[in-house]
Amino acid sequence: MADPEMTPAEHRRRQKQLREERKRANGPVEKIDRAEIGDRDGWVCGLCRDPIDRSYRYPDPRAASVDHIRSIAGGGTETRDNVQIAHWGCNHERNADDVYASVEEAEAVRAEIARIPYLAKHAETMDPEEMMRRSQERNRPEEFRKMLARRVAKWELIQNLVFEAADPDFVFEGDDIEE
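What this report covers is the structure whose coordinates are included nearby. Since this is a predicted model, take the numbers as computed values, not measurements. (Residues numbered from 1 in each chain as written. Predicted model: local features only at pLDDT ≥ 70, side-chain atom pairs only at ≥ 80, totals over all residues. Heavy atoms only, no water.)

1. A closer look at the overall build of the protein chain
When you go through the protein chain residue by residue, the secondary structure sums to seven helices and four strands. Listing every helix and strand of the protein chain by position from the N terminus yields α-α-β-β-α-α-α-α-α-β-β. Per-residue burial over the protein chain gives 27% buried out of 179 residues. (Helix = DSSP H or I, 4+ residues; strand = E, 2+ residues; numbered from the N terminus. Buried < 20%, exposed > 50% of the residue type's maximum accessible area, 1.4 Å probe, protein only.)

This is the structure we're talking about:
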């Protein structure tokens, strides 16, 4: 829970500090270069499996980003073998939702949750087989494609509204702006 005494900027700095501490605690930390990972992965999103156009820039959901295969929050490392290139929108939709490759992996996560006092009762009701099935279902390329399409549609609507507010004589048509 956020400290009510903290300003939003202080809260963001604290969250960044905690993430850096988690990275170091999880194991080795390597300098990750987005272009290097993109070249290695052939500029194909590791989540939706569609190509990534390098001309898009953040905050466009089609922009390239580096996705941790096993999230830092889930114990993943900051190493090249634990990252893949992904659309920013796909990466953001996935957040820290790790895919469980086995029932044993899901059981280990359930056991971690059980150690948290206010979640212990909930953890007793969690079925590792169901956890694994749901994580694999949520993390299919088709699901990420749908989520990305919705994000792109929202992004383009917002961009259209921004252009209209700036000059009502502008007509926004895809990538072309006419006066």
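So, next bit.
2. What to know about the pairing of strand 2 (residues 83-87)
Burial within strand 2 is extensive, with five of its five residues counted as buried. Of the strand pairs in this sheet, strand 1 (residues 64-68) and strand 2 are connected by five bridges, and their pairing is antiparallel. Its bridge partner being in strand 2, Ala-64 is matched across the sheet by His-87. (Pairing = 2+ DSSP bridges.)

3. A short note on the packing of helix 4 (residues 103-114) against helix 6 (residues 128-138)
Remark: helix 4 packs on helix 6, axes separated minimally by 8 Å, with the N-to-C direction vectors making an angle of 110°. The angle between the axes of helix 4 and helix 6 places the two elements in the roughly perpendicular class. Where helix 4 abuts helix 6, its residues Val-103, Ala-106, Glu-107, Val-109 and Arg-110 lie against Pro-128, Glu-129, Met-131 and Met-132. Among the residues forming the contact of helix 4 with helix 6, the class breakdown is six nonpolar, no polar and three charged. (Axes fitted to C-alpha atoms, helices over the stretch in contact; angles between N-to-C directions. Parallel < 35°, antiparallel > 145°, perpendicular 65-115°, else oblique. Contact = heavy atoms within 4.5 Å. Nonpolar A, V, L, I, M, F, W, Y, C, P; charged D, E, K, R; others polar.)

4. Remarks on the pattern of salt bridges
Counted under the stated rule, the structure contains 20 salt bridges. Taking the shortest distance from any N to any O, the salt bridge between Arg-133 and Glu-130 comes out at 2.6 Å. Here Arg-133 pairs with Glu-130, and both are found in helix 6, just three residues apart, close to one helical turn. The exposure class of Arg-133 is partly exposed, given its relative accessible area of 39%. Given a relative accessible area of 25%, Glu-130 falls into the partly exposed group. (Salt bridge = Lys/Arg side-chain N within 4 Å of Asp/Glu carboxyl O.)

5. Quick look at the nonpolar core
Of all hydrophobic cores here, the largest spans 16 residues; its most connected members are Cys-45, Leu-47, Ile-52, Ile-85, Cys-90 and Phe-144. Looking at this core, the elements that each hand over two or more residues are strand 2 and helix 7 (141-166). Here the element with the most residues in this core is helix 7; it accounts for four residues. Beyond its immediate chain neighbours, meaning those up to four positions away, Cys-45 contacts Asp-50, Ile-52, Ile-85, Ala-86, His-87 and Cys-90. With six residues, the next largest nonpolar core counts Ala-106, Met-126, Met-131 and Met-132 among its residues. (Core = buried A, V, L, I, M, F, W, Y, C linked by side-chain atoms within 4.5 Å.)

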